[in-house]
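Here are the chains, one letter per residue:
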Amino acid sequence: MQKKSLNIAMTQKKKLLIGIFVILLIGFLISIKLKTPTVGVSSCRFNQNNAQETSNTLSLLLQHQVDTLLATAIIEHKATSGKVIIMETATGYIRAMVGLERKDTLSPFQPTTDFCTPYPTKQRQVATLLAALETGKISLSDTVDVGKGIYISGGDTIKDHNWHRGGYGKITVEWAIAANSRIGEVLIRERAFDDNKSEYEAAIGQIDYGQPDSVKGLDCILNTDVAASKISPIQLITFYNAIANHGRIVQPQLYKDSVAIINPQIASKANIDSIRQVLERTVAEGLGKRANTNKAKVAGKGGTIQIGNPNESTYIIDFCGYFPTDNPRYTILVVLEKQELPASGHIQAAGLFRKIVEQLIQNK
């Protein structure tokens, strides 16, 4: 009888130990899951030494939500990497900064290594239009003839996305940007600056495209290559955030501090309003319709660029914008990289942008 009681006690003890082990294992797995959102923190080379000075601006919940949305989008679109930054429009506080990458579509995800390196993008179109508007030689109602979608400039052959369908022909400057016409951007630049590249690049600098030079908490030096259409993710979202702020460019912050103004007005209010009009039309009627949602009015623009040789091409697609348009609360940048078609900033990246907007609205 005593032996039987002893066996029962031993069995109960084993069950208790197994139960404790299971609880500890679940707790460990949960802790790993909760740490997943810090992918964005490590991705931007977050300086932990500053953590004692002030609290960081990142939202743990939002980091986790964005991490899930980004991973899902990368898998769905067979991409190899992706980055998302969410900035609070008025303050410049970075609420989420998440990056994931993998060697191929079958490999596990790893955090990206930085948000500072300039990447090739077609987002320069918006800066080109603003710089051109500032010269007074261009207006949104002016027309440009992009012909059948093929144009020779400086020995380079430029093609619009619809060249095989006959191009856009004569269109307004506003629609050239809303419809993502590469030829339209070139014609706008030529009309405003002729062939004077140095004047053009100086004008781009005057509207602070490529700011800031640094961000506290990012252990890297930020730079922009206008000639090569390259800009770092943090600088691109800062520029769009200035448009959302009616021309006021604020310093991006990873630590809660007083709002720092880099430039109170990067361009005239009238020209900023023109850019906002173009970005709203891009989503409402132009190529950016995939970013549209019935939950809020959004504005933004996508870009698609192909790099590498034709046999081993890489496509970098992005979408940047803000919402709600009447009083912007958040500015969002989405960047995806993939090795095969289909690839479009106004489709895949815009779709992820829309989901992030809807998640932010749901979080209210």
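Residue numbers here run from 1 along each chain, matching the order of that chain's written sequence. Thresholds applied to this predicted model are a pLDDT of at least 70 for local features of residues and 80 or more for the giving and counting of side-chain atom pairs; totals over whole chains, interfaces and linings are not thresholded and use all residues. Side-chain metrics rest on all non-hydrogen atoms present in the structure, leaving aside hydrogens and water.

**Focus: the packing of aromatic side chains**
The relation between two aromatic rings is expressed through the spacing of the ring centres and the mutual angle of the planes.
Phase 1: Note on aromatic contacts: the rings of Phe and Tyr and the six-membered ring of Trp form a pair at centre separations within 6.5 Å, being stacked when their planes are under 30 degrees apart, edge-to-face when over 60 apart, and tilted otherwise. Overall, the coordinates contain five aromatic pairs when judged by the stated rule.
Phase 2: Aromatic pair phenylalanine 193 and tyrosine 200: ring centres 5.5 Å apart, planes at 65 degrees, arrangement edge-to-face.
Phase 3: A relative accessible area of 3% means that phenylalanine 193 is categorised as buried.
Phase 4: Ring centres of phenylalanine 319 and phenylalanine 353 lie 4.9 Å apart, and the angle between their planes is 55 degrees; on these two criteria the pair is classed as tilted. Of this pair, phenylalanine 319 sits in strand E13 (residues 314-323) while phenylalanine 353 sits in helix H10 (residues 345-363); the two residues are 34 residues apart in sequence, bridging distant segments of the chain. Only protein chains enter the area calculation, which uses a 1.4 Å probe; residues under 20% of their type maximum are buried, those over 50% are exposed, and those in between are partly exposed. Starting at the N terminus, helices and strands are each numbered in turn, a helix being any DSSP run of H or I of at least four residues and a strand any DSSP run of E of at least two.

**Considerations on the side chain of threonine 282**
Phase 1: By secondary structure assignment, the location of threonine 282 is in helix H9 (residues 269-284).
Phase 2: Between N or O atoms, a polar contact is any pair within 3.5 Å; within protein, one atom must be a potential hydrogen donor and the other a potential acceptor, and residues adjacent in sequence are included only when both atoms are from side chains. Looking at threonine 282, its side chain comes within polar contact range of the main-chain oxygen of valine 278, at 2.8 Å.
Phase 3: Only heavy atoms enter the contact rule, under which two residues are in contact if any of them lie within 4.5 Å. When neighbours within four sequence positions are excluded, threonine 282 is seen to be in contact with Ile177, Ala178, Leu287, Gly288, Lys289, Gly300, Lys301 and His346.

**Quick look at the pairing of strand E1 (residues 79-88)**
Phase 1: Judged by how many residues are buried, E1 sits mostly within the fold: 10 of 10 residues are covered.
Phase 2: Think of it this way: DSSP has to see at least two bridges between two strands before they count as a pair. As judged from the nine bridges shared by E1 and strand E14 (residues 330-338), these two strands associate in the antiparallel manner. Each residue of the ladder has a partner; that of lysine 83, found in E14, is valine 335.
Phase 3: In this structure, E1 lies alongside strand E2 (residues 94-101), joined through seven bridges in antiparallel fashion. Note that in E2 the partner of valine 84 across the bridge is valine 98.

**Description of the sheet that holds strand E12 (residues 299-307)**
Phase 1: Strand order in the open sheet formed by six strands is E3-E2-E1-E14-E13-E12, and the pairing between neighbours is antiparallel. Two strands in the sheet have a free side with no partner beyond their single neighbour: strand E3 (110-111) and E12.
Phase 2: To get an axis, a line is fitted to the C-alpha atoms, and for a helix only the part in contact is used. The angle between two axes follows their N-to-C directions and goes from 0 to 180 degrees. Contacting E1, E2 and E14, helix H3 (residues 60-76) runs over the sheet at an angle of about 35 degrees to E2.
Phase 3: Strands in contact with H9 are E12 and E13; relative to E12, the strand with the most contacts, it is inclined by about 75 degrees.

**Overview of H10**
Given 3.6 residues per helical turn, the α-helix brings residues three or four places apart onto the same face.
Phase 1: Given a helix with a known number of residues, its expected span is that number minus one, times 1.5 Å. Here H10 is 19 residues long and its end C-alpha atoms lie 25 Å apart, about the 27 Å a rise of 1.5 Å per residue gives.
Phase 2: Across the chain, bend at a residue is computed as the angle between axes fitted to the seven residues ending at that point and the seven starting from it. Its maximal kink placed at glycine 351, H10 deviates by approximately 25 degrees.
Phase 3: The backbone nitrogen of histidine 346 has a side-chain oxygen 3.1 Å away, supplied by the residue at the start of H10, namely serine 344.

**A word on the pattern of salt bridges**
Phase 1: Salt bridges, as used here, are contacts in which a Lys or Arg side-chain nitrogen is within 4 Å of a carboxyl oxygen on Asp or Glu. On inspection of all chains with the given rule, the structure shows seven salt bridges.
Phase 2: Notably, a salt bridge pairs arginine 124 with glutamate 185, separated by 3.3 Å at the nearest N-O pair. With arginine 124 in helix H4 (residues 124-135) and glutamate 185 in helix H6 (residues 182-193), this residue pair connects regions lying 61 residues apart in the sequence. Each member of the pair, arginine 124 together with glutamate 185, is buried.
Phase 3: A salt bridge links glutamate 280 to lysine 297; its shortest N-O distance comes to 3.6 Å. Placement of the pair is glutamate 280 in helix H9 and lysine 297 in the loop between H9 and E12, with a sequence separation of 17 residues.

**Some points on the environment of asparagine 180**
Phase 1: Summarising the element assignment, asparagine 180 is placed in the loop between helix H5 (173-178) and H6.
Phase 2: By relative accessible area, asparagine 180 is classed as buried at 12%.
Phase 3: Linking asparagine 180 and valine 126, residues 54 residues apart in sequence, is a C-alpha distance of 10.0 Å.
Phase 4: With residues near it in sequence (within four places) discarded, asparagine 180 still touches Gln125, His161, Leu287, Lys301, Gly302 and His346.

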